[in-house]
Structure formats: structure tokens, C-alpha cells
Amino acid sequence: MPDHLIIFDTTLRDGEQSPGASMTAEEKMRIAKQLERLKVDVIEAGFPASSNGDFAAVSAIAKAIKNSTVCALARANEKDVRRAGDALKRAKAGRLHMFLASSPIHMKMKLRMTPEQVLEQAVKSIGWARDYTDNIEFSPEDAGRSEPDFLCTLIEAAIAAGATTINIPDTVGYTMPWQFGELIRSLRERVPNSDKAVWSVHCHNDLGMAVANSVAAVMNGARQVECTINGLGERAGNASLEEIVMAVKTRKDVFPCTTRIDTTQIVAASKLVSSITGFPVQPNKAIVGANAFAHESGIHQDGVLKHRETYEIMRAEDVGWGANKLVLGKLSGRNAFKNRLGELGIELGSEESVNHAFARFKELADKKGEVFDEDLHALVSDEQVTPEHYKLIALKVVSETGEVPHAKITMGAGEAELTAQTRGDGPIDATFKSIEQLTHSGAKMLLYSVNAITTGTDAQGDVTVRLERDGRIVNGLGADTDILVASAKAYINALNKLHSKQERLNPQLAA
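Residues numbered from 1 in each chain as written. Predicted model: local features only at pLDDT ≥ 70, side-chain atom pairs only at ≥ 80, totals over all residues. Heavy atoms only, no water.

**Student:** So what about the overall build of the protein chain? Which residues, and what values?
**Tutor:** For the protein chain, the helix and strand inventory stands at 16 helices and 19 strands. The proportion of buried residues among the 511 residues of the protein chain is 57%. By sequence separation, contacts in the protein chain at least 24 residues apart represent 68% of the contacts at least 6 residues apart. For the protein chain, the exposed surface amounts to about 22200 Å²; the carbon and sulfur share of it is 51%. (Helix = DSSP H or I, 4+ residues; strand = E, 2+ residues; numbered from the N terminus. Buried < 20%, exposed > 50% of the residue type's maximum accessible area, 1.4 Å probe, protein only. Contact = heavy atoms within 4.5 Å. Areas by Shrake-Rupley, 256 points an atom, 1.4 Å probe, with all protein chains shown as cover.)

Following this line, the structure appears as C-alpha cells:
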């Protein structure tokens, strides 16, 4: 019988470290519930010691999730470990994950600790963790650049102290697949008590090797892979969950293991993470990109029509493409709308919020007739959480050949209603200049991105605007069948986040 490969998802922790990807507690909960539907084995929900908001979010997720293990990250010090342990108290199944640097450069330059001190601290941290759970993971940070003899000594001591999972991270994405696979094989052979723990890997994608390094490790005995939806993560990102899972599923002839992932939930998870973080998925992204199962070449089309497997090694339906059929229309009632939100893991809280969202749904259904799951995710993301100091009331944009475009916008700002009219290089530029004329935000735009949520000319446009001010980076999201309105909404949403006193769970700072 094949071994079980544990899928450890860190979208809510490492993925959130991407600049601009910080999430509210409600957004984290929505993603956690989708990960549970995906049947992820372990959900790393956050870093409780980093902020009160993250502590509360991890606590709430630990209470709500029943079919996946909920993990909390901590540095290897008593304050962090106990904070993480407290956050997991209501978990049906919880795990504590401690990390401590083990490479010479990290120990000397960052920790200011000797190898002997690092070894002692690691053992102590595992002892504190055992006050809360027997499910303990230990990561020697920057293991790929650590001295092999010391790394073996550290891991042996961690397992002896009670660590049940040993995670080997390629923290800076430096290792090549054959090197990383050999590292895992060597460590498992050299550490005397290696059979007493599950071996895990956590690979970064700085050189585009995260998935390759992860599968090389699996082929050399690793039985847990740490990954994220869409490969989200700081710098170039992490190993992509969907690519790892589908590689193992598709190449059963190669891999001596299987996962328990419900692959039909992959696309839904990808779209949810993309809509919440504002990080669009590139069309040619493996598995979840819009073109992943598209065939333009006539030879390819002919081959697929005659026999699918000529050019397709997996079915689009197996990862969730085509699964989100029409669910609601303009004749659908409030209960049907509310039930579908529940099936998608979307909880709006108060009845007032449900009523407001339902009114927005009716407006959308009148515009485009057919409303898909993706539309509902966008509608709710467009509505969620951020207090509205600024509000779009009306927008008029004029653009014609040979004339300079101009926009007239009316906005609410607190109790006041303000109007401005400006010209710009294009209709979007004119719209944003009008907003700035009214708000004087002083924010710098880092990103403007437009994506169609569904197919067809009546599809909603999903716009992301990333703004930076005083070192703080936020994403604004807006959705509408009119792309100009969606753009204005996204810019205003970002300004509201900059204006709001509400704490994002891990506020991002510009590098």
C-alpha cells in the first residue's frame, strides 16, 4: 500500500507574508474552511505571537476547523511557544511548529548564538510545547546552508526531546533538486532516531525550484510537503500545493505515496485565495491557470477531439474546472442565496449584512443574468469588512477618439458628499485623478490589475489596486460588470484600508 503524503498548507501564514497579501480574520476563516473542504491535512493558520489580531484569528480557526489539524507557528522561545499553545487550546487537533536557525550565517549574524546555545534552545522550546500537545514540529531554519554534522546533532536532539515532525526548509530557494533530495536521504540515514519522526520539507521558489525540490525530497523519504495555494509566499513564493498534489496523483507510477486531497476543490481554492489577496493567477500557471487546459494549435485540438489523452495528462474536471455551474439567477430567492453562500463557506454574520449582500446580488443578476460561484466570491470580497469612510456615489467618464478623457466622480467622505472632475491620459487615469483630487491621500500606486471573473462579455471585471503610503501596503478590490466602476471601487477600497484603524493581521511594510 502506498504511503500517505501529508499536505501541510501554509497559505495563511507564509503566503500572507507576500507584500500586500495580509488578510483580515474573516478572510482567513473563509480560506481555512475552503482548505478543510480541500481535505488539507494540516492548516498553518498563523503566527500568534506576531499580533493580537493573528492570535484571535488562529484561535477562531482552531475552534471552527474539525477535519484538518490546525497548526500555529512560533519562534523557539518560551513567550512565542506559550502564545501559540494558548491560541490552539480549542482545536480538535492542534500542532505547534517551532523554528530556529541552524546555518552558520544565521546563527552568527541573526541570532548571535553559538551552536551549543542553539541546540539547548531547541530542546527547551520543544519541552514548552509539550505542555500543550504531543503534535510538535521543529524546523531548523536555513537547513540547506547548515553544516551537515551540526544539523544531524540538532535534529537528533529535537526528536529525542519530543518533536514528531522534522521540517527541512530551503529558506532562500538556493538548493538544486538533486542536492535537496540527497540532503533528505543523507539526514534520514545519519540521524539515529530518524524513524521516530515524519520528515517534512518547506521549499521557496527563488530559482523556480520549489516544486522540483519538494518532489525530489518525497522521492528520498519526505512524507510531508509544506506548500501554498497558487504558490503564494514572500519573494518568489513557495511550492505550489496544486502542482505537488497533481504531480503525485498523475504520476502514480513514480511516487510511492498518495494524498487525501479532494482535487475537485483545487480551482475553487485558487480563485478564493486570488480574490482575497488580489494576486491574480497567470493564465499559463500549471493546473489553475486559465490556459492550463486550453488548446490553440489545430494539431492539438484534433488530437484531443480524437482522444483526450493525446495532449492532456489529467482531466480539467478533476481539479475543479467546469465544476462551478450556474447556481443562481435573478429569480432566485434570499434563502437560496444564503444557502449557496453557506456551501461556499461564506459567513456574513448579521442579517443586515446578508440583506445588503442579497440586494447587491439582485443588482448583479439583473445586469448579467447568470451568476456563478466566482461572482459570489467577488461580490462578498467587494463588500467585506473594511469600514467605509470613502464611498462611491456616482461616476461619469467620457472617452472618445481625438479627445482627452475626463471623469466626474461623486463620493461620500464621512458625512460629506464631494464632487470632482479631472482629465487624464485615459479613462482609468482620469477616474483615479478625480478620486485623488478629493481625498489627497498621497498614496503611491504599486499595482493595477484587471481580470475577468467568469467568461463572456457580461462577465464581472475583478480589479486590484495596490497602494503604498508611509511604508504600509494594502490591496483594494472592486468588482462590477463595468470595468471603470470596478476600478473606482478598488481604488476607494484601498483608500479605506489606509484610512481604517482596523488592524490587518500581519500589516505589510514596504521593503
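That covers the picture; the talk isn't over yet.
**Student:** I'd like a rundown of the nonpolar core, residues and numbers included.
**Tutor:** Core analysis: the biggest nonpolar cluster contains 89 residues, and L38, M98, F138, I155, I166 and I168 have the highest contact counts within it. Considering each element in turn, this core owes the most residues, eight residues, to helix α6 (residues 148-161). Here L38 is in contact with I229, L241, I261, D262, Q265, I266 and A269, once residues within four sequence places are set aside. Y390, M411, A413 and I428 belong to the second-largest nonpolar core, a separate cluster that totals 23 residues. (Core = buried A, V, L, I, M, F, W, Y, C linked by side-chain atoms within 4.5 Å.)

**Student:** Just give me the short version of a nonpolar patch on the surface, but keep the residues and values in it.
**Tutor:** Nonpolar side chains collect at one region of the surface, where M445, Y448, V450 and I483 lie side by side and expose about 290 Å² of accessible area between them. Take the nonpolar patch: its biggest share by element is three residues, from strand β16 (residues 444-452). Its location among the elements puts Y448 in strand β16. Judged by relative accessible area, which is 31%, Y448 ranks as partly exposed. (Patch = residues over 30% accessible without salt bridge, like charges linked within 9 Å, V, L, I, M, F, W, Y side chains within 5 Å. Salt bridge = Lys/Arg side-chain N within 4 Å of Asp/Glu carboxyl O.)

**Student:** Describe the packing of aromatic side chains, with residues and values.
**Tutor:** Applying the stated rule across the entire model yields six aromatic pairs. Residues F432 and Y448 carry aromatic rings whose centres are separated by 5.8 Å and whose planes lie at 75° to one another, so their mutual orientation is edge-to-face. Within this pair, whereas F432 is found in helix α15 (residues 427-439), its partner Y448 is found in strand β16, the two being separated by 16 residues in sequence. Every member of this aromatic cluster is reached through a ring pair, and the members are F337, F358 and F361. The cationic tip of R83 hangs over the ring face of F55; the distance from NZ or CZ to the ring centre is 3.8 Å. Above the face of the F279 ring, R466 is positioned so that its terminal group lies 4.5 Å from the ring centre. (Phe/Tyr/Trp six-rings, centres within 6.5 Å; stacked < 30°, edge-to-face > 60°. Lys NZ or Arg CZ within 6 Å of the ring centre and 35° of its normal.)

**Student:** Lay out the sheet that holds strand β9 (residues 224-227) with the relevant residues and their values.
**Tutor:** With respect to topology, eight strands assemble into a closed barrel ordered β2-β3-β4-β5-β6-β7-β8-β9, the strand pairing being parallel. With strand direction ignored, the average angle separating the axes of adjacent strands in the sheet is 25°. Its contacts with the sheet put helix α5 (residues 115-129) on β5 (94-101) and β6 (136-141), and the angle it makes with β5 is roughly 170°. (Pairing = 2+ DSSP bridges. Axes fitted to C-alpha atoms, helices over the stretch in contact; angles between N-to-C directions.)

**Student:** With reference to specific residues and values, describe the environment of M113.
**Tutor:** As for its position among the elements, M113 is in the loop between α4 (104-111) and α5. Judged by its relative accessible area of 22%, M113 falls in the partly exposed class. For the pair M113 and A101, spaced twelve residues apart in sequence, the C-alpha separation works out to 9.8 Å. In this view, M113 contacts M107, K108, V118 and Q121; residues no more than four positions away in its chain are not counted.

**Student:** Go over the side chain of Q121 with me, naming the residues and quoting the values.
**Tutor:** One can find Q121 in helix α5. Setting aside residues no more than four positions away along its own chain, Q121 makes contact with A76, N77, L100, M113 and W128.

**Student:** Break down the packing of helix α1 (residues 25-37) against helix α2 (residues 52-64) for me, citing the residues and quoting the values.
**Tutor:** Where α1 contacts α2, the two axes come as close as 10 Å, and the packing angle between them is 30°. Viewed along their axes, α1 and α2 form a crossing whose handedness is right-handed. Contacts between α1 and α2 involve A25, K28, M29, A32 and K33 from the first element and D54, A57, A60, I61 and A64 from the second. (Left-handed = near helix turned anticlockwise from the far one by under 90°.)

**Student:** Outline the sheet that holds strand β15 (residues 416-423), listing residues and values.
**Tutor:** Read from one edge of the open sheet, three strands run β13-β14-β15, paired in antiparallel fashion. Each having just a single partner strand, β13 (390-398) and β15 make up the two edges of the open sheet. Direction aside, the axes of adjacent strands within the sheet are offset by 15° on average. Where strand β14 (residues 406-413) and β15 come together, eight bridges link them in antiparallel fashion. Considered in β15, the bridge of T410 is made with T419. Along the sheet face, α15 touches β13, β14 and β15 and points at about 140° away from the line of β15. In the packing of helix α16 (residues 483-499) onto the sheet, contacts are made with β13 and β14, and the angle to β13 comes to roughly 150°.

**Student:** I'd like a rundown of the packing of α6 against helix α7 (residues 177-190), residues and numbers included.
**Tutor:** Interaxial distance between α6 and α7 falls to 10 Å at its minimum, and their mutual angle equals 55°. One element, α6, and the other, α7, form an angle in the oblique class. Here α6 runs over α7; the crossing is right-handed. When α6 is examined against α7, the residues P148, D149, L151, C152 and I155 are found in contact with a partner set consisting of L183, L187 and R190. For the contact of α6 with α7, the residue count by class is six nonpolar, no polar and two charged. (Parallel < 35°, antiparallel > 145°, perpendicular 65-115°, else oblique. Nonpolar A, V, L, I, M, F, W, Y, C, P; charged D, E, K, R; others polar.)

**Student:** Which residues make up the side chain of E436, and what values do they have?
**Tutor:** Positionally, E436 belongs in helix α15. Within the buried core, E436 has no salt-bridge partner, and the shortest N-O distance to an opposite charge, that of R469, equals 7.4 Å. Polar side-chain contacts of E436 include one of 2.5 Å to the side chain of S441. Aside from chain neighbours lying at most four places away, what touches E436 is S441, G442, Y491 and L495. (Lys, Arg positive; Asp, Glu negative; His and termini not counted. Polar contact = N/O pair within 3.5 Å; in protein donor to acceptor, adjacent residues only side chain to side chain.)

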